[in-house]
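What follows is each chain in one-letter form.
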Amino acid sequence: MLSYKLQKFQATNFRNLFPDIIEFGPKINCILGENGNGKTNILEAIYVLTNKKSFRKNTSFPQYLGIDGGKPEIILSSVFETGEDDLVSYSAKLEEKKAQFFLEGKAIKKKPEIKMIFINPFDSYGFHNVPSSRRTWFDHHISLIDPVYKKTLNKYTSGLRSRNFLLAKKPPQYRDQIKAYDRELASNSVYLTSARLKFISEMVPFCESIFKKIFAEEHELGIELSTKIQGLDEQQVFDLLQSNLEKDEMRCVTSYGVHKDDYVLLFDGLNSFDYCSLGQQKMSYLSLLFAYIELFRYKFSSFPIVLIDDVSGELDKFRWKKLVEFLEQSEFQVLITTANEKFKEELEQIQNAKKIYVESGRIS
Ligand SMILES: Nc1ncnc2c1ncn2[C@@H]1O[C@H](COP(=O)(O)OP(=O)(O)OP(=O)(O)O)[C@@H](O)[C@H]1O
Ligand SMILES: [Mg+2]
């Protein structure tokens, strides 16, 4: 897999951003500015170009479109440097009902494999408190490195939706159809569970040491999967689904399956949700993401581009300093934003880092 690094970017008609060309360095890029000036919008525009969707929930073209813009059209243009020192231009034209993507000026259907990790430390709260956020986190990050997982998960989700639709209709004549769905769900469940366990076992070696590496404290992170499917074969999962059919019919929803799996993040062997302070939860969450980046490098010998949006909040000055040192020693390209004065001071001291100042959507 190629390592992509963003060299230049320009957004036209995207939220409050002016179409200034932003130049990025190969390592740390600090995007600085006061609240509400467009720092996150820059990250979002870059993310939309490479992922065809935003990291903000329930957001699409109408929200992206600059309210002051004339033409209802957004242009996102970029130049990426690939691991082989080559430059490649990649752009998008977004309209209300249409999105076109261009590589070296030619329209393309399949997007280039520019992998990007978005880190918003505020997501730590959802990750620790909401099981569905944890599931989404794991599904998203496993999918990034395992396309078969992504495909299987899509099949599972669509099978589940159809099953629930039939359950809501209630009459027993749909049972044969549900049986067919259960065969497929069982087979996909077994694959998804084994892929989740494999991912966790691959993450473990990186998780064990990452906290110390970033924050210079002896704490060990671990991950556990909590599932009712583990150790069951296809037939047994099928039997489990069928044995719950009557209950499911009453509830109009499928009560067992990998969609109910959960994950536990362990901090020195203890559930981080029960045991950790907010600051420790945030550090654990950041560490988990950096362990993932190390796993990514191990698997593909390349790095994703890392976007970090606003690391203010519960981290104290010592931890920020450590985080900055860790980023300085890392090889990946990072775009990091902050409005926090103290963290800004830390970032401004980094030599060889590119500093990008944003004011009212303009790059200064
Ligand atoms: N569609 C839009 N058109 C024009 N301006 C928009 C649009 N959507 C959002 N904005 C403006 O973008 C600004 C917010 O930008 P952004 O979230 O990037 O700020 P930020 O610099 O990250 O701030 P903070 O430090 O508070 O996170 C707001 O001023 C908002 O009014
Ligand atoms: Mg912001």
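None of these values were measured; they are calculated from a predicted model.

Describe in detail the overall build of the chain, supporting the description with residues and values.
Of regular secondary structure, the chain possesses 12 helices and 15 strands. A globule of 364 residues ought to have a C-alpha radius of gyration of about 21 Å, and the chain, at 22 Å, matches this closely. Overall, the C-alpha framework of the chain stretches about 65 × 55 × 35 Å when taken along its three principal axes. Looking at the chain as a whole, 36% of its 364 residues are labelled buried. Sequence separation of at least 24 residues holds for 71% of the intrachain contacts in the chain that already meet a minimum separation of 6.

So what's going on with the site of ligand 1? Residues and values would help.
Around ligand 1, the surrounding shell holds 16 residues, and the nearest of these are Asn-16, Asn-35, Lys-39, Thr-40 and Ala-339. When residues in the shell around ligand 1 are grouped by element, the largest group, three residues, is from helix α1 (residues 39-51). Residue composition of the shell around ligand 1, by class: three nonpolar, 10 polar and three charged.

Let's hear about the sheet that holds strand β8 (residues 116-119): which residues, and what values?
One open sheet accounts for six strands, arranged β8-β12-β13-β3-β14-β15; its pairing is mixed. The outermost strands of the open sheet, each flanked by one partner alone, are β8 and β15 (362-363).

How would you summarise helix α10 (residues 278-300) if you had to cite specific residues and measurements?
Taking 1.5 Å as the rise per residue, α10 with 23 residues should run 33 Å; its terminal C-alpha atoms sit 33 Å apart, in good agreement. Ser-301 occupies a position one or two residues after α10 and carries a positive phi of about 55 degrees.

The rules behind these values
- Residues numbered from 1 in each chain as written.
- Chains lettered and ligands numbered in written order.
- Predicted model: local features only at pLDDT ≥ 70, side-chain atom pairs only at ≥ 80, totals over all residues.
- Helix = DSSP H or I, 4+ residues; strand = E, 2+ residues; numbered from the N terminus.
- Rg over C-alpha atoms; globule rule 2.2 N^0.38 Å.
- Buried ≥ 20, exposed ≤ 12 C-beta atoms within 10 Å, placed from the backbone.
- Contact = placed C-beta atoms within 7 Å.
- Near = placed C-beta within 6 Å.
- Nonpolar A, V, L, I, M, F, W, Y, C, P; charged D, E, K, R; others polar.
- Pairing = 2+ DSSP bridges.
- Expected span 1.5 Å × (residues − 1).

By themselves, these observations are geometric and do not establish any function.
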